[in-house]
Amino acid sequence: MTDRPTTTTDAGIPAPSDAHSQSVGPNGPLLLQDHYLIQKMAHFNRERVPERVVHAKGGGAYGVLEITEDVSQFTRAKLFQKGARTESLVRFSSVAGELGSADAGRDPRGFAIKFYTEDGNYDLVGNNTPIFFIRDPQKFSDFIHSQKRRADNNLRDHNMQWDFWTLSPESAHQVSFLMTDRGTPASWRHMNGYGSHTFLWYNAKNEKFWVKYHFKTDQGIKNFTAEEADAQEPDVHIRDLYEAIKRGDHPSWTVQVQIMPFEDAADYRFNPFDLTKVWPHADYPPITIGRWTLTRNPENYFAEIEQAAFEPANFVPGIGPSPDKMLQGRLFSYPDAHRYRIGTNYLQLPVNRPKSPVHSYNKDGAMTYVNPGDPVYAPNSMGGPVADPDLWAGESYEVAGEIVRSAYRLHREDDDFVQPRALWEKVLSDTDRDHMVHNIVLHASAPEVTGDMKKRVVEYWRNVHKDLGDRVAKGLGVNDS
Ligand code: NDP
Ligand code: HEM
């Protein structure tokens, strides 16, 4: 009768009707035996998985990393060898809003990349800022709670945000970034990405280096003003990326690294593992190593983006963690979130599955469909896979000390305000400064922000720079000088 395929149930059985439930006579009640109707309703009720507890709203695409320079003296990682081309997936996101929130609001942006390397997945789960608000994972959930909704009225609350920030002076650098127009990027294509943390690289001789990653947008930085951001439709960034890729306008980023010799870390002027600090370019100039280009949209957003699971703990031989406390906390947190949000076998889903063979002794669990085969234990005398410690020998280095709960040991120039001050004094243009003051004043003028809090806000910015604090005081009507 028709060339179109027949509708089926999810079990592949031809469906009896696309429109009518089974009833007792045309006007009668429905029957429990209408399995097709019941499957449809029951499946619909299970369409959502929990949204990410942070970075819920986002979008993504596939791309390729091409390495153009020889950095084999720093890392043996196969994806970073000259000439290597590695397929990858990115998910860009905002942080604090829920799944349906507006793309353009003031927030850092997630910049999470999964590289499908021949040695398994390497995930670089960064942001569009090279720094973060805090330096100890102990504070992460508290920080996020201050960005989300209050317990009583279920509203976001700027008083709560300034309360946390002004009581956490280490936040000043990241809040400075956030309050410039980089806090409202015009699109995901027009922002940089940073690995943010310091990571370990080791070469074929197991010589070690510390590394920071910078993905510099080839489209140029483009931001919204606060007023422009407010005027955008909620899905502006998802739409922009999808449509650019669809019309063949493939966005790209120049990939750079800063390399610090392993021994420099001990007495570098800043603590090089402190996530609230950058490494000034004059000390460790960025080196270009390649280009990363987005070439393909996902075909099924839910399967490929919503269920994408990035984990900072996914390193490949040649790369390892640094002692950055925030990174150490994240190594645990993400796979734990995925097991809860998606399920034990999230790594078997096509988007998360490595393109290289998996020879793991883990087995079973909900929704297993990969058969690891026998033997199912190690050690065994059945010819099963065996680990190769040599691949990871470069990761080892000596650490000793007392068990404590304490702040980082201070380095010579460590101070919470010195780097945001450099941003204000040396980097921002006059227009950038005007916009930063305007954005702070707008944010701290929300009706819920109390008079006392406004004074603390002024004090916070005076610590960054007196002029900045004075201008914020004027804008907020705080007369204290
Ligand atoms: P440099 O003058 O060598 O570098 C400053 C960097 O700041 C630029 O290369 C650019 O890096 C970034 N930048 C430019 N305009 C803006 C802006 N409007 N808002 C935010 N960042 C901007 O100085 P230093 O390396 O000594 O760093 C000075 C300050 O610059 C730091 O304290 C930090 O606040 C900021 N910065 C430093 C970065 C680093 O890795 N050293 C990276 C980003 C900012 P990019 O193209 O990567 O954005
Ligand atoms: C998402 C925890 C710091 C970047 C998440 C998620 C959790 C989490 C639980 C949700 C994961 C999911 O459900 O898929 C933490 C903790 C941190 C921390 C405990 C500090 C201790 C950071 C930092 C960065 C970052 C410093 C960037 C440098 C991201 C990104 C995502 C994310 C990009 C979204 C990934 C995606 O697109 O799926 N974080 N985070 N986080 N985080 Fe963090």
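Residues numbered from 1 in each chain as written. Chains lettered and ligands numbered in written order. Predicted model: local features only at pLDDT ≥ 70, side-chain atom pairs only at ≥ 80, totals over all residues.

Asker: I'd like a rundown of helix α3 (residues 158-166), residues and numbers included.
Answerer: Because each turn of an α-helix spans 3.6 residues, side chains separated by three or four positions in sequence point in the same direction. Those residues of α3 that sit buried are Q161, W162, W165 and T166. Down the axis of α3, the sector holding all buried residues measures 120°, keeping them to one side. Residues of α3 that are buried in the fold lie against α2 (140-147), α4 (172-179), α10 (430-444) and α11 (451-464). (Buried ≥ 20, exposed ≤ 12 C-beta atoms within 10 Å, placed from the backbone. Helix = DSSP H or I, 4+ residues; strand = E, 2+ residues; numbered from the N terminus. Arc of directions from axis to C-beta. Contact = placed C-beta atoms within 7 Å.)

Asker: So what's going on with the environment of R156? Which residues, and what values?
Answerer: Its place among the elements puts R156 in the loop between α2 and α3. On the neighbour-count criterion, R156 (18 C-beta atoms within 10 Å) is partly exposed. For R156 and G97, which are 59 residues apart along the polypeptide, the C-alpha to C-alpha distance reads 9.6 Å. The contacts of R156, once residues within four sequence positions are left out, are K148 and R149.

Asker: I'd like a description of the domain arrangement of the protein chain, backed by residues and values.
Answerer: If you check the domain split of the protein chain, you get domain 1 (22-376) and domain 2 (417-481). For domain 1 versus domain 2, the distance between C-alpha centres works out to 30 Å. Listed as interface residues are 19 residues of domain 1 and, on the opposing side, 25 residues of domain 2. Looking at the side of domain 1 that touches domain 2, the elements with two or more residues in it are α3 and α4. Here the residues of the side of domain 1 that touches domain 2 are counted per class, giving 7 nonpolar, 8 polar and 4 charged. (Domains from an automatic or database assignment. Nonpolar A, V, L, I, M, F, W, Y, C, P; charged D, E, K, R; others polar.)

Asker: Explain the environment of G477 to me, using residue names and the numbers behind them.
Answerer: With respect to the secondary-structure elements, G477 resides in the segment after α12 (466-476). Classification of G477 by C-beta neighbours within 10 Å gives exposed; the count is 10. As a C-alpha pair, G477 and K455 span 22 residues in sequence and 9.7 Å in three-dimensional space.

Asker: Tell me what's going on with the site of ligand 2, and back it up with residues and numbers.
Answerer: Inspection of the region around ligand 2 gives 28 residues, with H55, R91, G110, P137 and S196 positioned closest. Sorting the residues of the shell around ligand 2 by element identifies β2 (85-94), β3 (109-117), β4 (120-127) and α8 (325-341) as the ones contributing at least two each. If you tally residues by element for the shell around ligand 2, the top one is α8, at 8 residues. A class-by-class count of the residues in the shell around ligand 2 yields 14 nonpolar, 10 polar and 4 charged. (Near = placed C-beta within 6 Å.)

Asker: Please give an account of the UniProt feature "domain: Catalase core" (unreviewed entry) in the protein chain that cites residues and values.
Answerer: Here the UniProt feature "domain: Catalase core" (unreviewed entry) sits at residues 8-386. Secondary structure over residues 8-386 splits into 20% helix and 20% strand, and the C-alpha atoms at its two ends are 45 Å apart. (UniProt positions renumbered as here; feature names shortened; annotations may be inferred.)

Asker: Please provide a residue-by-residue account of the site of ligand 1, values included.
Answerer: Neighbouring residues of ligand 1: 19 residues in total, closest V278, P280, H281, Q419 and L423. For the shell around ligand 1, the elements supplying multiple residues, two or more each, are β7 (208-217) and α9 (418-427). For the shell around ligand 1, the element with the most residues is α9, which contributes 5 residues. A per-class count over the shell around ligand 1 returns 10 nonpolar, 5 polar and 4 charged. In this structure, the shell around ligand 1 is formed jointly by two domains, domain 1 (22-376) and domain 2 (417-481), each of which donates at least three residues.

Asker: Tell me about the UniProt feature "active site" (unreviewed entry) in the protein chain, and name the residues and values.
Answerer: Residues annotated in UniProt with the feature "active site" (unreviewed entry) correspond here to H55 and N127. The greatest C-alpha distance among the residues just named is 10.6 Å, despite their covering 73 residues of sequence, which places them together in space. Among all residues touching H55, those that are not within four sequence positions of it are S93, V95 and G110. Classification of N127 by C-beta neighbours within 10 Å gives buried; the count is 24.

Asker: Report on the packing of α11 against α12, specifying residues and quantitative values.
Answerer: It is at 6 Å that the axes of α11 and α12 come closest, and there the two elements cross at 155°. By the criterion of interaxial angle, the relationship of α11 to α12 is roughly antiparallel. For the pair α11 and α12, contact is made by K454, V457, V458, W461, R462 and V464 and by K466, L468, G469, V472, A473 and L476, respectively. Within the contact of α11 with α12, the residues separate by chemical class into 8 nonpolar, 1 polar and 3 charged. (Axes fitted to C-alpha atoms, helices over the stretch in contact; angles between N-to-C directions. Parallel < 35°, antiparallel > 145°, perpendicular 65-115°, else oblique.)

Asker: Explain the nonpolar core to me, and be specific about the residues and the numbers.
Answerer: Grouped together as the largest cluster of nonpolar side chains are 80 residues, with contacts concentrated most on W201, V211, I319, V457, W461 and V472. Sequence-distant contacts of W461, that is, excluding residues within four places in its chain, are made with I440, L468, G469 and V472. Counting 5 residues, the second largest nonpolar core, distinct from the first, contains A186, F224, A226 and A229. (Core = buried A, V, L, I, M, F, W, Y, C linked by C-beta atoms within 7 Å.)

Asker: I'd like a rundown of α12, residues and numbers included.
Answerer: Among all positions of α12, only L468, G469, R471, V472, A473 and L476 are buried. Buried positions along α12 lie against α9, α10 and α11. Following α12 by one or two positions, G477 adopts a phi angle in the positive range, close to 70°.

Asker: Residue-level account of the packing of α2 against α3, with values.
Answerer: Helix-helix packing: each pair is described by the crossing angle between the helix axes and the interaxial distance. Contact geometry for α2 and α3: axes closest at 8 Å, N-to-C directions at 150°. On the basis of the axis angle, α2 is roughly antiparallel to α3. Across the interface between the two elements, F143, S146 and Q147 of α2 pack against M160, Q161, D163 and F164 of α3. Residues belonging to the contact of α2 with α3 are distributed by class as follows: 3 nonpolar, 3 polar and 1 charged.

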